Amino acid sequence: MKRILILISLGLFIVACSYEEQTTSVEEEESFPAAVQIQVVGSTVEGLTVCFDTNNTCKKTNTNGVVEYESFGDYRFMIRDINITTLTIDNNRTIVSPYKLFDANETMAKRFLMLLHAFSKSSDPTDEAVLLTLSDYIPVEKSIEELLDKTAIDSNTTHETLKYTINEHNVSIDFDESNITRDDKTYNLSIPSKKAYQALETVKNFVDFAVDKNVSLDNFEDKFLFVKQSLTTFSLGDKYTVTTIVKEDEVFLDFLDNESRTTDRTTLIETNNSKVLTTSLLSLRINSDE
């Protein structure tokens with residue numbers, strides 16, 4: 001039990017702006033903290049662009065799927081030139097899931113999540129990290145809606161499918177079966193529910209309370225300095241690294257021991273106590289003297 005790290009991988013950060021050849025500036029974002037932190041989840045999405053409309057400043061999500069700004073307001077989300085949506089951000093710690101981007105259209109939210117993974121530069125589009133920067137799999141369209149307008153019924157499967165060709169790669173998405181096919185290899189993607197993404201608020205609230213404090217695992221005497229990495233990822237001293245994974249209807253927490261490099265997975269249990277993070281295996285508690 002002492003070797004547990006909570007991997008909280010949920011990053012699906014959506015960022016929108018331009019590339020280097022465009023006039024709008026794009027900055028890499030790595031620092032913490034800032035007045036406004038936006039994290040898009042669904043996996044950890046690196047290379048999305050979020051633009052602040054007031055001054056047209058754009059930043060790409062970092063390896064934790066995070067961008068930081070100093071002011072509330074309207075933020076535009078894009079993948080390269082593909083427009084996603086504009087959201088009003090009025091909270092200094094905001095998690096943005098596909099269901100938040102497409103609040104009135106759950107079907108669109110699920111399809112967008114599949115698009116993100118299909119666009120990933122990763123060799124396995126279903127893994128927990130989506131890398132969009134310089135990906136060969138991103139087609140040229142003005143908006144997600146225009147791209148999805150090209151879906152058609154596959155004559156072989158009778159499933160609604162999107163097909164496109166990028167350079168030498170043939171990519172297709174079977175939305176009915178949640179399958180992504182690249183050339184001749186097919187991957188099945190687990191689609192998290194809206195309720196599962198909402199449970200991330202439990203993790204975010206604990207992170208806000210625990211940052212730079214000492215925490216304990218259940219009743220063990222050992223204390224660990226809580227170091228925030230994103231709204232849903234953190235480390236416990238040098239001993240553990242912590243990340244969250246969202247799958248279907250549940251949020252899983254993987255406890256990784258940095259010394260033994262072993263991982264134990266447990267399930268998040270939602271509570272109203274922001275000073276305790278409860279899982280099916282153990283709880284993290286902020287020390288009472290903190």
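These lines cover the structure that appears in this document, whether it is placed above or below. (Residues numbered from 1 in each chain as written. Predicted model: local features only at pLDDT ≥ 70, side-chain atom pairs only at ≥ 80, totals over all residues. Heavy atoms only, no water.)

Re the overall build of the protein chain
Part 1: Tallying secondary structure elements over the protein chain gives five helices and 23 strands in all.
Part 2: Sequence-distant contacts, at least 24 apart, represent 60% of the contacts inside the protein chain between residues at least 6 apart.
Part 3: Accessible area of the protein chain: about 13,100 Å², with a carbon and sulfur share of 43%. (Helix = DSSP H or I, 4+ residues; strand = E, 2+ residues; numbered from the N terminus. Contact = heavy atoms within 4.5 Å. Areas by Shrake-Rupley, 256 points an atom, 1.4 Å probe, with all protein chains shown as cover.)

Concerning the packing of aromatic side chains
Part 1: Taken as a whole and assessed by the stated rule, the structure comprises nine aromatic pairs.
Part 2: Between Tyr99 and Tyr197 the ring centres are 5.7 Å apart and the planes differ by 50 degrees, which places this aromatic pair in the tilted class. Of this pair, Tyr99 sits in helix α1 (residues 98-101) while Tyr197 sits in helix α4 (residues 194-198), placing them 98 residues apart in sequence.
Part 3: Each member of the aromatic cluster is reached from another via a ring pair, and the members are Phe52, Tyr69 and Tyr75.
Part 4: Stacked on the ring of Phe175, the Lys or Arg Arg111 has its end atom at 4.7 Å from the ring centre.
Part 5: Above the ring of Tyr137, the side-chain terminus of Arg182 is found at 3.6 Å from the ring centroid. (Phe/Tyr/Trp six-rings, centres within 6.5 Å; stacked < 30°, edge-to-face > 60°. Lys NZ or Arg CZ within 6 Å of the ring centre and 35° of its normal.)

Remarks on unusual backbone geometry
Part 1: Positive phi is not limited to glycine here, since Thr158 has a value of about 60 degrees.
Part 2: As for its position among the elements, Thr158 is in the loop between β11 (152-153) and β12 (160-166).
Part 3: Residues other than glycine seldom take positive phi values, yet Glu248 does so here, at roughly 50 degrees.
Part 4: Here Glu248 shows up in the loop between β19 (240-247) and β20 (250-257).

Overview of the environment of Asn83
Part 1: Inspection of the secondary structure assignment puts Asn83 in strand β8 (residues 82-89).
Part 2: Put simply, Asn83 and Lys142 are 59 residues apart on the chain and 6.0 Å apart in space, counted from C-alpha to C-alpha.
Part 3: Contact partners of Asn83, with chain neighbours within four places excluded, come to Arg76, Phe77, Met78, Lys142, Ser143, Ile144 and Glu145.

Notes on the sheet that holds strand β6 (residues 66-69)
Part 1: Reading across the sheet, the three strands line up as β6-β2-β9 and stay open at both edges, with mixed pairing between neighbours. Across the chains shown, the open sheet's two edge strands, defined by having one partner strand only, are β6 and β9 (93-96). Taken pair by pair, the neighbouring strands of this sheet meet at an average axis angle of 20 degrees, ignoring direction.
Part 2: Here strand β2 (residues 36-40) pairs with β9 via four bridges, running parallel. Directly across from Ile38, in β9, lies its bridge partner Thr94. (Pairing = 2+ DSSP bridges. Axes fitted to C-alpha atoms, helices over the stretch in contact; angles between N-to-C directions.)

Looking at a negative patch on the surface
Part 1: Together, Asp136, Glu168, Asp183 and Asp184 give the surface a local cluster of negative charge.
Part 2: Residue class for Asp183 comes out partly exposed when judged on its relative accessible area of 36%. (Patch = residues over 30% accessible without salt bridge, like charges linked within 9 Å, V, L, I, M, F, W, Y side chains within 5 Å. Salt bridge = Lys/Arg side-chain N within 4 Å of Asp/Glu carboxyl O. Lys, Arg positive; Asp, Glu negative; His and termini not counted. Charge placed at Lys NZ, Arg CZ, Asp CG, Glu CD. Buried < 20%, exposed > 50% of the residue type's maximum accessible area, 1.4 Å probe, protein only.)

Points about the state of the cysteines
Part 1: Applying the stated criterion across every chain, the model contains one disulfide.
Part 2: Sulfur-sulfur distance for the disulfide between Cys51 and Cys58 comes to 2.0 Å. On the sign convention where negative is left-handed, the bridge of Cys51 and Cys58, at about 105 degrees about the S-S bond, is right-handed. There is no split in this pair, since Cys51 and Cys58 are both buried. (Disulfide = S-S within 2.5 Å.)

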